[in-house]
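Chain residues, written in single-letter form:
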Amino acid sequence: MTLIATESLTKVYGGGVTALSELTVAVEPGIVGLVGANGAGKSTLIKLLLGLLTPTRGRVRVLGLDPTTDPAAVRARVGYMPEHDCLPPDLSAAELVTHLGRTSGLPRTVARERASEALRHVGLHEERHRAVGGYSTGMKQRVKLAQALVHDPDLLLLDEPTNGLDPAGRDAMLALVHRIGTEFGISVLVCSHLLGEVERICDTLVAIDGGRLLRADHIAAMTSATDVLAVEVSEGTEALADRLGALDLPVRREGRLLLVPLADEQTYDLILGAVAELDLPLHRLDQRRHRVAELFARRESSHA
Amino acid sequence: MPEPTGVIHDIGYQRYTGPRLGRRPVFGALYLHGVRTAFGLGRSAKAKIFPWLVVGIVLMVAVAATAMRAQFGQVVMTYAQFADAMSWLVIFFVAVVAPELVSRDLRSGVLPLYFSRPLPRSDYPVAKLLALVTALWLLLGAPQLLMFLGAAFTLDGLGAVWDELLDLLPGLLYAGMWAVIFASVGLLIASLTGKRAFAAGGIVAVFLMTTPIVGTLSILPSQTANQLAGVASPPTLVQGVGIWTMRDLLITDPDGVAPDLGPYGPVYGLVAVALVAACVALLLARYRKVAAR
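The structure displayed is predicted, hence computed values, not measured ones.

Conventions we followed
Residues numbered from 1 in each chain as written. Chains lettered and ligands numbered in written order. Predicted model: local features only at pLDDT ≥ 70, side-chain atom pairs only at ≥ 80, totals over all residues. Heavy atoms only, no water. Helix = DSSP H or I, 4+ residues; strand = E, 2+ residues; numbered from the N terminus. Buried < 20%, exposed > 50% of the residue type's maximum accessible area, 1.4 Å probe, protein only. Contact = heavy atoms within 4.5 Å. Areas by Shrake-Rupley, 256 points an atom, 1.4 Å probe, with all protein chains shown as cover. Lys, Arg positive; Asp, Glu negative; His and termini not counted. Charge placed at Lys NZ, Arg CZ, Asp CG, Glu CD. Salt bridge = Lys/Arg side-chain N within 4 Å of Asp/Glu carboxyl O. Axes fitted to C-alpha atoms, helices over the stretch in contact; angles between N-to-C directions. Parallel < 35°, antiparallel > 145°, perpendicular 65-115°, else oblique. Left-handed = near helix turned anticlockwise from the far one by under 90°. Nonpolar A, V, L, I, M, F, W, Y, C, P; charged D, E, K, R; others polar. Pairing = 2+ DSSP bridges. Phe/Tyr/Trp six-rings, centres within 6.5 Å; stacked < 30°, edge-to-face > 60°.

Draft legend 1. Representation of the overall build of chain B in the model. Summing up its helical and strand segments, chain B has eleven helices and zero strands in all. Seen in sequence order, chain B has helices and strands lined up from the N terminus as α-α-α-α-α-α-α-α-α-α-α. With respect to the three principal axes, the spread of C-alpha positions in chain B is 80 × 50 × 40 Å. The buried share among the 293 residues of chain B stands at 45%. Here the analysis covers contacts within chain B between residues at least 6 apart in sequence; of these, 75% occur between residues at least 24 apart. A total accessible area of about 14200 Å² is found for chain B, and carbon and sulfur atoms account for 69% of it. Counting 21 positive and 14 negative side-chain charges, chain B places the centres of these two groups 21 Å from one another.

Draft legend 2. Local environment of the pattern of salt bridges. Tallied over the entire structure, the rule returns 22 salt bridges over all chains. For D105(B), the salt bridge is made with K128(B), and the minimal N-O distance between the two is 3.5 Å. Residue D105(B) is located in helix α4 (residues 87-108), and its partner K128(B) is located in helix α6 (residues 123-154); the two are separated by 23 residues in the primary sequence. One exposure class covers both D105(B) and K128(B), and it is buried. Here the salt bridges share partners, and the residues they tie into one network are D90(A), R43(B), E100(B), R104(B) and R196(B).

Draft legend 3. Representation of the packing of helix α7 (residues 157-190) of chain B against helix α8 (residues 196-218) of chain B. All names here are of chain B. Running from N to C, α7 and α8 point in directions that differ by 135°, and their axes come no closer than 8 Å. Classified by the interaxial angle, the pair formed by α7 and α8 is oblique. Like other packed secondary-structure pairs, α7 and α8 cross with a definite hand, here right-handed. Where α7 abuts α8, its residues F182, V185, G186, I189 and A190 lie against A199, G202, I203, V206 and F207. Looking at the contact of α7 with α8 residue by residue, the classes come out as eight nonpolar, two polar and no charged.

Draft legend 4. Main features of the packing of helix α2 (residues 45-72) of chain B against α6(B). Residues and elements named next belong to chain B. Axis separation between α2 and α6 bottoms out at 9 Å; the angle between their running directions is 20°. Considering their axes alone, α2 and α6 lie roughly parallel with respect to each other. Crossing of α2 against α6: the hand is right-handed. Of the residues in α6, those touching α2 at V54, V55, V58, L59, A62, V63, A65, T66, R69 and A70 are L139, P143, L146, M147, G150, A151 and T154. Taken together, the residues of the contact of α2 with α6 break down into 13 nonpolar, three polar and one charged.

Draft legend 5. Quick look at the pairing of strand β6 (residues 155-159) of chain A. Residue and element names in this part refer to chain A. The element β6 is largely enclosed, with a buried count of five among its five residues. Residues of β6 alternate between two faces, with L155, L157 and D159 on one and L156 and L158 on the opposite face, all of them buried. In this structure, strand β5 (residues 78-81) lies alongside β6, joined through four bridges in parallel fashion. The residue of β6 that forms the bridge with M81 is L158. Where β6 meets strand β7 (residues 187-192), five bridges bridge the pair, whose relative direction is parallel.

Draft legend 6. Highlighting the packing of aromatic side chains. All names here are of chain B. Per the counting criterion, the structure on display carries nine aromatic pairs over all chains. On the numbers, 5.1 Å between centres and 45° between planes, the contact of Y114 with Y124 is tilted. Residue Y114 is found in helix α5 (residues 111-115), and its partner Y124 is found in helix α6; the two are separated by ten residues along the sequence. By relative accessible area, Y114 is classed as buried at 4%. With a relative accessible area of 1%, Y124 lands in the buried category. Linked through ring pairs, Y114, F115, Y124 and Y287 together constitute an aromatic cluster.

So, to be careful, I would describe these as geometric facts and stop short of saying anything about function.
What follows is the structure in structure tokens.
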């Protein structure tokens with residue numbers, strides 16, 4: 001089943017601002033990264049998926065349902081974690097998540113049980129009975145995630161879940177999202193303006209810019225063919241470059257590094273052979289996973 | 001205490017396959033949560049102070065009235081008059097509780113969490129409105145019930161108790177009218193701002209500022225203007241409807257000064273209905289806008 005499918009989805013706001021333009025994309029269940037700069041249309045897309053906005057043109061389907069005509073059915077199966085602060089400071093996390101669970105249609109006792117379960121899964125234990133106002137940013141983000149999880153959705157929409165977190169907090173949040181996507185059996189759409197973050201945890205990546213689709217593909221398809229070997233020698237970089245060029249390897253210079261596309265295992269041997277032949281002091285030779293960012297950067301510059 | 005570090009004891013995630021309730025139970029949960037919020041239940045001790053102070057005062061007045069009636073055998077105030085006498089407390093109660101119900105949610109940004117859930121977006125404001133109506137009605141109705149019970153124990157014979165009950169019911173109805181009008185006006189004002197102090201000030205201002213208008217209209221040299229003066233302010237509007245529908249219960253002193261409605265009683269009734277309808281319509285429009293953000 002397709003998780004999310006859009007067809008020429010367009011949203012033009014009242015003021016004539018086009019937030020999304022002719023977006024056609026289909027993604028499979030799993031962890032989906034939605035990346036784009038601020039203002040690229042990520043939040044608009046999420047609101048369209050939730051049926052909070054109606055599309056100007058085009059069609060959208062979530063879990064096989066149409067959020068424009070049947071928003072309640074979609075929202076019953078989707079959990080949403082907004083980007084901004086959304087927690088009333090005077091309620092305790094347990095009360096808030098329980099109340100929101102009941103609002104999602106859980107019976108009273110179930111809501112209470114699932115609220116403490118959800119809070120436990122995000123790593124909040126005894127502190128869940130304290131007022132949210134006294135929580136750190138990291139704890140608040142966890143509560144926001146727990147409230148999206150409380151009614152056991154089939155899809156989580158997370159809008160910038162790592163917002164405002166320190167590096168350790170970011171790692172913990174990403175690990176948690178990854179765990180939800182892999183172990184809990186819940187599909188996740190993670191929105192972020194930081195490509196480096198989401199590419200670590202997602203299976204599929206959707207990149208949008210200025211309301212248009214840049215690229216949507218499995219992360220493996222984006223990175224596998226583009227791994228490179230980085231070679232650094234203390235001296236004789238030029239000579240090595242010439243030598244490798246003579247071996248029909250397409251060498252690129254990047255500062256003091258030589259970058260060689262990794263075709264197969266032989267590439268290693270060829271490089272090592274060349275270094276040994278020239279008797280150069282090898283500083284390092286490592287495989288560098290091509291960052292997805294570079295793919296987009298290249299695409300974008302070719303657009304311009 | 002150190003920050004939780006994301007260590008998760010792996011008991012495993014359980015999928016939920018049980019029943020999911022429909023719109024009505026969800027609406028009921030929201031409504032009940034609203035009523036509890038109005039009285040500060042499930043909130044901090046600080047949030048309980050004001051509502052229970054007001055509850056304490058109205059109950060004390062009711063106890064005093066009951067005691068005086070038992071002692072001297074004289075009815076100090078009818079049930080309907082009780083609601084009138086408490087009008088200022090009701091205004092303050094609305095000014096504090098209405099912002100607590102809606103402004104707080106606007107400010108904390110919690111609304112996207114409601115609107116991303118299955119309930120239709122009109123359910124949220126309607127549940128809040130009904131919750132405030134209920135809270136106000138309980139505030140005015142519970143003391144009346146207390147007065148009734150006090151009276152019932154001192155009266156002789158079932159017939160007298162029955163007569164007393166026939167006095168109580170219009171009183172409760174009148175209290176309901178206060179509740180509906182004050183709740184719809186108060187909640188609409190509170191829904192316009194996320195700042196509770198502004199909302200409270202706005203509510204008091206609307207109820208206070210309109211009083212001089214009534215005063216001015218009632219001394220104009222036109223009899224029509226005098227008789228319609230009460231329409232200009234919510235408290236006098238409610239009183240007007242009360243006088244039109246249950247005059248004997250509100251005006252017990254034949255020599256006392258009472259607002260003269262002339263033939264315009266039905267106008268008061270119509271204006272009251274129109275006012276509530278307009279407030280509810282504006283409230284729904286307001287939340288349509290909020291939800292789309």
